[in-house]
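# Coordinate inspection notes
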Amino acid sequence: MTRLWTSVTHAADRFEPRGLPLSVGRSLLALASGLLLVLSPDRALFPRTAGVADGPVCDGIGRVSLWCVAESAGVDLLVCRVIALAVLVVVALGYRPRWTCVPHWYVTYSLSVAVVLPDAGEQVIRILTLLLVPICLGDGRRWQWRQPDDPMPAVWRGRAWAAQLFVRVLGVTIYLQASLSKLAVREWRDGTAGYYWLVHPHYGSDIAVHAPLGTLLQHQIGVSAVTWGALAAELTMALCLLGSGRVRRAGWALAIAMHGSISVLMGFTTFAMTMAGLWAIACAGTTKSREPANSA
């Protein structure tokens, strides 16, 4: 146990998260939320449902969200959209991570709790942006795309390492739940669920009925390969997140291929961007010691 604790503290002390993967991850999350706001009118974000009037959900913790605070002050929802998009644009550009990480979380939190019909993407982004706060508060750079001039302060290295560990745990939880829950459904166990999802009138795609994918889905072996391949990919990605940096980078490539394919076939673009952002953050950092960039 002492050896394990020594290894953990040593890795945390040498951790340096400020690199291209972290920057890409933050920008992807901001772009995913921004895309949702740009493409979704108020009637899509805040539709009338049973027992819910038009407008944001302002119950419980939702009352402190941007949209609910604005509504209580009589501010138009368009103003909230503009403010949120402005914050997301600044984050995506990479300006002042230390000062934009908390507003970024607040915007994603507000979006996830205020919309009437949120999807899994907003919920994941809300957690990821919260976990980015202890990573970015120790980042004093003006632009996240620049190499740091000085090592991250020791107190923030440990917090950043712990936060990234929780990002990896979140990813493992998502993929394990996604794969294991499918095993309770007969169509996933018998290898036919992939066909039903791809030709679904709402979630499916015309690509699924044209060659070459349509030809593949005409045969049981092809349908089984698509169905069980998705399950295998999810389990593999969960395991990759538990591995070393090289293993995680391989999992990142698999995640881009899988989520990119789902985005093309079924249209879950913002969720694909969200998961790509999660992987980028999970692959961020090095435990190798480094000298300041301006050293002789």
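Treat the numbers as computed from the prediction; the structure is a model and nothing was measured.

## A few points about the overall build of the protein chain
Summing up its helical and strand segments, the protein chain has 14 helices and 0 strands in all. Listed N to C, the secondary structure of the protein chain is α-α-α-α-α-α-α-α-α-α-α-α-α-α in terms of helices and strands. A total of 296 residues make up the protein chain; the buried ones form 43% of that total. In the protein chain, the proportion of contacts linking residues at least 24 apart, taken out of those at least 6 apart, comes to 76%. Here the protein chain displays about 15400 Å² of accessible surface, and carbon together with sulfur accounts for 66% of that area.

## Some thoughts on the pattern of salt bridges
The full count for this structure, using the stated rule, is 6 salt bridges. A salt bridge links E16 to R18; the nearest nitrogen and oxygen atoms lie 2.9 Å apart. We note that E16, like R18, is buried. For R186, the salt bridge identified is with E187, shortest N-O distance 3.2 Å.

## What about helix α6 (residues 97-114)?
Helix length check: α6 (18 residues) gives 25 Å between terminal C-alpha atoms against 26 Å at 1.5 Å per residue, within 8%. Within α6, burial applies to P97, T100, C101, H104, V107, T108, Y109, S110, L111, S112, V113 and A114.

## Concerning unusual backbone geometry
Positive phi is not limited to glycine here, since R96 has a value of about 45°. Its location among the elements puts R96 in the loop between α5 (77-93) and α6.

## With respect to the nonpolar core
L128, L132, V167, Y175, L278 and W279 are the most contacted members of the largest nonpolar core, which has 37 residues in total. The element that contributes the greatest number of residues to this core is helix α7 (residues 120-136), accounting for 8 residues. Filtering out sequence-adjacent residues up to four positions away, Y175 remains in contact with E234, M237, A238, L241, A255, H259, M275 and W279.

## Digging into the side chain of S263
Summarising the element assignment, S263 is placed in helix α13 (residues 245-266). If near-sequence neighbours (up to four positions away) are discounted, S263 is found in contact with F268, T269 and A272.

## Here we look at the environment of A282
Examined against the element boundaries, A282 turns out to sit in helix α14 (residues 269-282). Classification of A282 as buried rests on a relative accessible area of 0%. Sequence separation between A282 and P17 is 265 residues; the distance between their C-alpha atoms is 9.8 Å. Setting aside residues no more than four positions away along its own chain, A282 makes contact with Q164, V167, R168, L241 and R248.

## Comments concerning the side chain of T192
With respect to the helices and strands, T192 occurs in the loop between α9 (186-189) and α10 (193-198). You can call T192 buried: its relative accessible area is 18%. Dropping the residues within four chain positions of it, T192 is found in contact with E187, Q220, V223 and T227.

Quick notes on the rules
- Residues numbered from 1 in each chain as written.
- Predicted model: local features only at pLDDT ≥ 70, side-chain atom pairs only at ≥ 80, totals over all residues.
- Heavy atoms only, no water.
- Helix = DSSP H or I, 4+ residues; strand = E, 2+ residues; numbered from the N terminus.
- Buried < 20%, exposed > 50% of the residue type's maximum accessible area, 1.4 Å probe, protein only.
- Contact = heavy atoms within 4.5 Å.
- Areas by Shrake-Rupley, 256 points an atom, 1.4 Å probe, with all protein chains shown as cover.
- Salt bridge = Lys/Arg side-chain N within 4 Å of Asp/Glu carboxyl O.
- Expected span 1.5 Å × (residues − 1).
- Core = buried A, V, L, I, M, F, W, Y, C linked by side-chain atoms within 4.5 Å.

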